[in-house]
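Chain by chain, the residues run as shown.
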Amino acid sequence: MTLSLWSRIDIETSERRQHALDYQAEFLSKRITRQFLEQVNALKRLAAYWDHNGGFNKETWRKNAEELHKDFPNFKAIEWTDKNYVIQWIEPMAGNEQALGFNVAFNESRRRALDSARAQGDINSTPVITLQQGGQGVVVYVPISKGENFQGFIVGVFLVEQLLGSLISPREEEHFHVRVYEGDKLIFSNSATDVSPDITAAADWKPLQFSWRLSVQPKSGWLHNYSSPLPAFVMSAGTILSALLAWVCYLAMSLGRQRRSLLSANEALQSEVASRQEVEQTLSHVITHDALTGLPNRSFFQEDLAQAILRAQRANKYLAVMLVDLDQFKKINDTLTHSAGDQLVVALTKRFNTLLENEISIARAGGDEFMMLLENPESVDEVIAIANRIMACMKQPFTLNDEEVFITCSIGIAVYPEGGVSAEDLIRNADAALYRAKAAGRNGYHFYTTGMHAEALKRLELDRWLREAIERNELSLAFQPKVNLKTRDYTGAEVLLRWYRPEQGFISPAEFIPLAEETGLIKELGMWVVRRACQQLSEWRGTPLSHIRLAINLSAIQLEDKELVHKIDNLLREFDVPPRQLEFELTEEVFIQNIESNMAHLNELIKMGFRLSIDDFGVGYSSLAYLKHFPISCIKIDRSFVSQLETNADDRVIINAVIAMAHNLNLSVVAEGVETEAQAAYLQKQGCDEAQGYLFAKPLPPDQLYKLATSLRNGTSLQQG
Ligand SMILES: Nc1nc2c(ncn2[C@@H]2O[C@@H]3COP(=O)(O)O[C@H]4[C@@H](O)[C@H](n5cnc6c(=O)[nH]c(N)nc65)O[C@@H]4COP(=O)(O)O[C@H]3[C@H]2O)c(=O)[nH]1
């Protein structure tokens, strides 16, 4: 009996395994179809946008195609092919140069696809062909309009290897050997290590005009998961079971005796358990819910989402995760106190609850961030409609501390399965989309696309590298001289941080400083800059640079550090540097946000003898009111005004007004980014005091600044102006 049972279980295990593999092949085919069509749909959107605008100029085309390529890096090229089938514009150009100007009609497969797309006014694609720019690929044509209105094609070019390689997920790569055939021709195969030859599944892949077939063979890791220990277990168990039977009979008799005595003890325990359960229920509500709003918290939401994903997977439905973040919450907390911030969160929760009723699960992720889950949306339009409803419900003001306050929100959206197949991925990707929505100017929503994942990973990587940068000795300082516009004497220098990572080369501060500000790492980096600048000043003692004044950039975030002034004071003492040799450049937001605490910090710095100046003046708030209240000595006109002054009358008006106003308030003015003699002459004529820019000197490493100072020793000096 044990033997026949063993053989039956073995057959069933093999059948189950084949069934699971068939399902995998089918699932893989559906999933990559969906992901591929997502990229094709992006092309269609670009074509519709072109049609709607009645065409693009080259710059608009480049911007749109570049954006699309950023979101979908799988495109080898995105092209504009005109009515005569000539490729006119390509994005990106690098690696695709050979295709520019190529008349596509010379290639028969391409011409057939083009003719058909044009005749039917609908998308069409080539089979696998040898691309003009090299490699085996497929080309997708989206015609713009039909008949007389036909204007040309938006074209997507894919390298087969790259396209299929990226559509297959790392998990599938690990577990399956996937081959793709067009007819009998093998067009793609991923790594084939450790493959079991005796089991295979196949599925069709036929999006657009493609007629491809997938063949999937499992690798040993996957097979291991499906190999059942049951047959072996049945064999051993059958033998052991008979021996145990006798032993069990004996136990049954003695257990009967024990059971009677346990019954009475059990009754007493029952009432104890009931009261504990009550406590546990209260406790579990506290652990899984937010105390302020009563909404589920992040971890509860994540568990709920994992269940919803299983339901969506079984029913082959979509679901959408939306992260909603208020745009001005910090400002409200800072200006109207934290309790006003709490009132706002509670009032908003009420609006969400009435607005969205039961169709959406809502949780509070903390602070001003809410998480929402919409199950089974019929289409993306339904998700968009809900995002619009959420934004619209904020249009009415909120009353906080008897004041009417208007707020807006940004929303990041990830849709299962394209936007992630696990709860963790969907939330992370919705967060990346939220970041995009914020970067695009706030008060809007953004959907996650695959390109964003790469962007988020890049930011994470950059953050990791930056955290190692100090220890790996990759940071240094550059010094850009400032000159007196009348005498052309050097008056000091601005300190600029430089980061050289051997594996990547120079990384621009414009890239890493905003990231460091966002993560708070700027506090550590900023102190490193002050330390290194003080150390440099002490090394220059007794040289022509002995008395140079250095201007250091200070971020608003650094002022949050209550110990900042104390730390700077300690560094001055350690290197014996007089405060008059340091100046701090602050951006306008310092004077607008956190006014009370910033004012206290700045007054302390002034008391210690430092000069303060406003950097990038004119690009931010440009509110003049704050200038009266803060102890500043200098305004730096942003280089965006200077660079256009020869051609833009508005910029000249702004520059003149800033100089006049600053002089009325007894402040000196420095112009940034002066590159031409004409700009310098204009600024001098308007009475601007100092200037900085490539015309005079680029930011220099310390030894070059030293050389410059030595060469000027007998003429111009680098000492305080
Ligand atoms: N096109 C042009 N550019 C010119 C010219 N003259 C100077 N520049 C560049 O303009 C930027 C001036 O610095 P910023 O406005 O303070 O803008 C700085 C500053 O906001 C930030 N940054 C750099 N170092 C630090 C630092 O140590 N701390 C903080 N908080 N921010 C820093 O990064 C920004 C960018 O720094 P950089 O890339 O070094 O770019 C520098 C400088 O290299 C010119 O004639 N033409």
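These numbers come from a predicted model, not from an experiment.

**A look at the side chain of D615**
So, point 1. Summarising the element assignment, D615 is placed in strand 23 (residues 611–617).
So, point 2. One buried charge, D615, has no salt-bridge partner; the nearest side chain with opposite charge is K636, at 4.3 Å.
So, point 3. Discounting residues that sit within four places of it in the chain, D615 has contacts with E494, N553, E585, L586, T587, E588, K636 and E672.

**As for the site of the ligand**
So, point 1. Surrounding the ligand, one finds 22 residues, the nearest of these being R498, D615, R639, E675 and Y694.
So, point 2. Contact distances for the ligand include 2.6 Å between an oxygen atom and a side-chain N or O atom of R639.
So, point 3. Here a nitrogen atom of the ligand sits 2.5 Å away from a polar atom, N or O, in the side chain of E675.
So, point 4. Relative to its unbound accessible area of 800 Å², the ligand is 84% covered by the protein chains.
So, point 5. Elements with a contribution of two residues or more to the shell around the ligand: strand 19 (490–501), helix 14 (509–519), helix 15 (522–539) and strand 23.
So, point 6. Ranked by residue count, the leading element in the shell around the ligand is strand 19, at four residues.
So, point 7. Split by residue class, the shell around the ligand holds nine nonpolar, six polar and seven charged.

**Focus: the pairing of strand 7 (residues 176–182)**
So, point 1. The buried fraction of strand 7 is high, at six of seven residues.
So, point 2. Sheet topology note: the strand 7/strand 10 (residues 212–218) ladder contains seven bridges and is antiparallel. Paired with R179 across the bridge in strand 10 is S215.
So, point 3. Counted along the chain from strand 7 to the antiparallel partner strand 8 (residues 185–189), the turn is two residues long, and its residue G183 has a positive phi close to 60°.

**Considering helix 16 (residues 564–575)**
So, point 1. Counted at 1.5 Å a residue, the expected span for helix 16 with its 12 residues is 16 Å, and the 17 Å between its end C-alpha atoms agrees.
So, point 2. Here helix 16 has its buried residues at L564, V565, I568, L571, L572 and F575. Buried residues of helix 16 fall within an arc of 120° about the axis and therefore sit on the same side.
So, point 3. Following helix 16 by one or two positions, D576 adopts a phi angle in the positive range, close to 55°.

**Describing empty space enclosed by the protein**
So, point 1. Following the criterion strictly, the structure yields one cavity of 30 Å³ or more and no others.
So, point 2. Approximately 80 Å³ is the volume found for the largest cavity.
So, point 3. Contributing to the lining of the largest cavity are 12 residues, with K482, T491, R549, E583 and E690 lying nearest its centre.
So, point 4. Classifying every residue of the lining of the largest cavity by side-chain character gives four nonpolar, three polar and five charged.

**A short note on the nonpolar core**
So, point 1. Counting residues in hydrophobic clusters, the biggest one holds 82 residues, and the most contacted among them are W499, L550, L582, F584, L602, L605 and L683.
So, point 2. Per element, the largest residue contribution to this core is nine residues, and it comes from helix 15.
So, point 3. Beyond its immediate chain neighbours, meaning those up to four positions away, L582 contacts C534, L537, R549, L550, I552, L572, F610 and R611.
So, point 4. In this structure, L46, V142, V178 and F210 belong to the second largest nonpolar core, which totals 49 residues.

Definitions and cut-offs
Residues numbered from 1 in each chain as written. Predicted model: local features only at pLDDT ≥ 70, side-chain atom pairs only at ≥ 80, totals over all residues. Heavy atoms only, no water. Helix = DSSP H or I, 4+ residues; strand = E, 2+ residues; numbered from the N terminus. Buried < 20%, exposed > 50% of the residue type's maximum accessible area, 1.4 Å probe, protein only. Lys, Arg positive; Asp, Glu negative; His and termini not counted. Salt bridge = Lys/Arg side-chain N within 4 Å of Asp/Glu carboxyl O. Contact = heavy atoms within 4.5 Å. Near = heavy atom within 4 Å. Polar contact = N/O pair within 3.5 Å; in protein donor to acceptor, adjacent residues only side chain to side chain. Areas by Shrake-Rupley, 256 points an atom, 1.4 Å probe, with all protein chains shown as cover. Nonpolar A, V, L, I, M, F, W, Y, C, P; charged D, E, K, R; others polar. Pairing = 2+ DSSP bridges. Expected span 1.5 Å × (residues − 1). Arc of directions from axis to C-beta. 1 Å grid on protein atoms, 1.4 Å probe; cavity = no way out; pocket = protein on both sides within 12 Å on 5 of 7 lines; lining within 4 Å. Points joined across faces, edges and corners; volume = space filled by probe spheres on them. Core = buried A, V, L, I, M, F, W, Y, C linked by side-chain atoms within 4.5 Å.

Geometry only, nothing functional implied.
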